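Chain residues, written in single-letter form:
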Amino acid sequence: MPGGRLTLQERECIAIGLADGLGYTQIARQLERPASTISREVTRNGGPGRYRADRAHRATAARARRSKAAAAQSAASADFAADNAAIRDFAAHFTELFVYDGMPRMQARIMTCLHLTDSGSLTAAELVRRLDVSPASVSTAIAALEQRDLIRRERDSRRERYCIDDATWYRTTLNLARAAGVRVEAARHGAELLGVTTPAGARLDEISRYLDYLGREMVLVVQRWHS
């Protein structure tokens, strides 16, 4: 049926169509399938010159079995958190804390997911499965988290894994301190332009001194923690 998996009979029609010199669009029209479905089917199974219906059907069944086995293995090795109501509630609460601090929800969900794994790392595919979202959503959120230095990327065999570690919050705090330093300079410059004797200038001067103090304290706390 359109939208479902190709049947052996449909694959035989594809093979006959290829042998008759028909294009993908013509074959797709006969089967009431998208041309992209026919193109992927043929490309995945040897191309127009080597396509065989029975061989393609067996290969597809084998891929489906491997996919199910991989999913089962992933589920078996996944942390118990997904099946524990108390942990699910904690995960929701932990996510909301990130969101409350201004983090977009998808990024917050990924951070929570990583924190609740023993390894502190997951692949993009694992995040997609656990969060039940699109790969594009995960990709966009990961890029933003990497830019903020909240996660790092590692290559595991042929896959990339996205990780947090014991230094994640250390790096994040230093980044916040550096950001505070930039704001200090901006506030000081504004105070100089307006004049510290004016209400607006005095306000900016007070902001610059507070942010300068905050930034220095953040660095000291991090240094003491890691000493």
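Residues numbered from 1 in each chain as written. Predicted model: local features only at pLDDT ≥ 70, side-chain atom pairs only at ≥ 80, totals over all residues. Heavy atoms only, no water.

(A) A look at the environment of D205. Residue position: D205 is located in helix 10 (residues 199–225). Leaving out residues up to four positions away in the same chain, D205 has contacts with A191 and V196. (Helix = DSSP H or I, 4+ residues; strand = E, 2+ residues; numbered from the N terminus. Contact = heavy atoms within 4.5 Å.)

(B) Region of the structure containing the packing of aromatic side chains. Throughout the structure, instances matching the rule amount to two aromatic pairs. For the pair F90 and F94, a centre-to-centre distance of 5.4 Å together with 25° between the ring planes defines the contact as stacked. Here F94 and F90 lie together in helix 5 (residues 85–100), a separation of four residues that amounts to about one turn. Where F94 meets F98, the ring centres are 5.1 Å apart and the plane angle is 85°; that geometry is what we call edge-to-face. With a gap of four residues between them, F94 and F98 both fall in helix 5, about one helical turn apart. Judged by relative accessible area, F98 falls into the buried class, the value being 9%. (Phe/Tyr/Trp six-rings, centres within 6.5 Å; stacked < 30°, edge-to-face > 60°. Buried < 20%, exposed > 50% of the residue type's maximum accessible area, 1.4 Å probe, protein only.)

(C) The arrangement of the packing of helix 6 (residues 105–115) against helix 7 (residues 124–131) in detail. Relative to each other, helix 6 and helix 7 sit at 105°, their axes nearing to 11 Å. By the angle between their axes, helix 6 is roughly perpendicular relative to helix 7. Residues M106, R109, I110 and C113 of helix 6 form the contact with helix 7, whose participating residues are L127, R130 and L131. When its residues are assigned to classes, the contact of helix 6 with helix 7 shows five nonpolar, no polar and two charged. (Axes fitted to C-alpha atoms, helices over the stretch in contact; angles between N-to-C directions. Parallel < 35°, antiparallel > 145°, perpendicular 65-115°, else oblique. Nonpolar A, V, L, I, M, F, W, Y, C, P; charged D, E, K, R; others polar.)

(D) Examining the side chain of R11 more closely. Tracing the sequence through the fold places R11 in helix 1 (residues 8–19). Engagement of the side chain of R11 in a polar contact is seen with the side chain of H57, the distance being 2.8 Å. Those residues in contact with R11 that sit more than four places away from it in its chain are L6, E41, Y51, A53, A56, H57 and T60. (Polar contact = N/O pair within 3.5 Å; in protein donor to acceptor, adjacent residues only side chain to side chain.)

(E) Region of interest: helix 9 (residues 168–194). Compared with the 39 Å implied by 1.5 Å per residue over 27 residues, the 39 Å span of helix 9 between its first and last C-alpha is a close match. Elements that come into contact with the buried residues of helix 9 comprise strand 2 (152–156) and helix 10. G195 sits one or two positions beyond helix 9 and adopts a positive phi of about 90°. (Expected span 1.5 Å × (residues − 1).)

(F) Representation of the packing of helix 9 against helix 10 within the structure. Interhelical geometry of helix 9 versus helix 10 gives an angle of 160° and a closest axis separation of 8 Å. Classified by the interaxial angle, the pair formed by helix 9 and helix 10 is roughly antiparallel. Crossing hand, helix 9 versus helix 10: left-handed. (Left-handed = near helix turned anticlockwise from the far one by under 90°.)

Keep in mind these numbers describe shape, not what the thing actually does.
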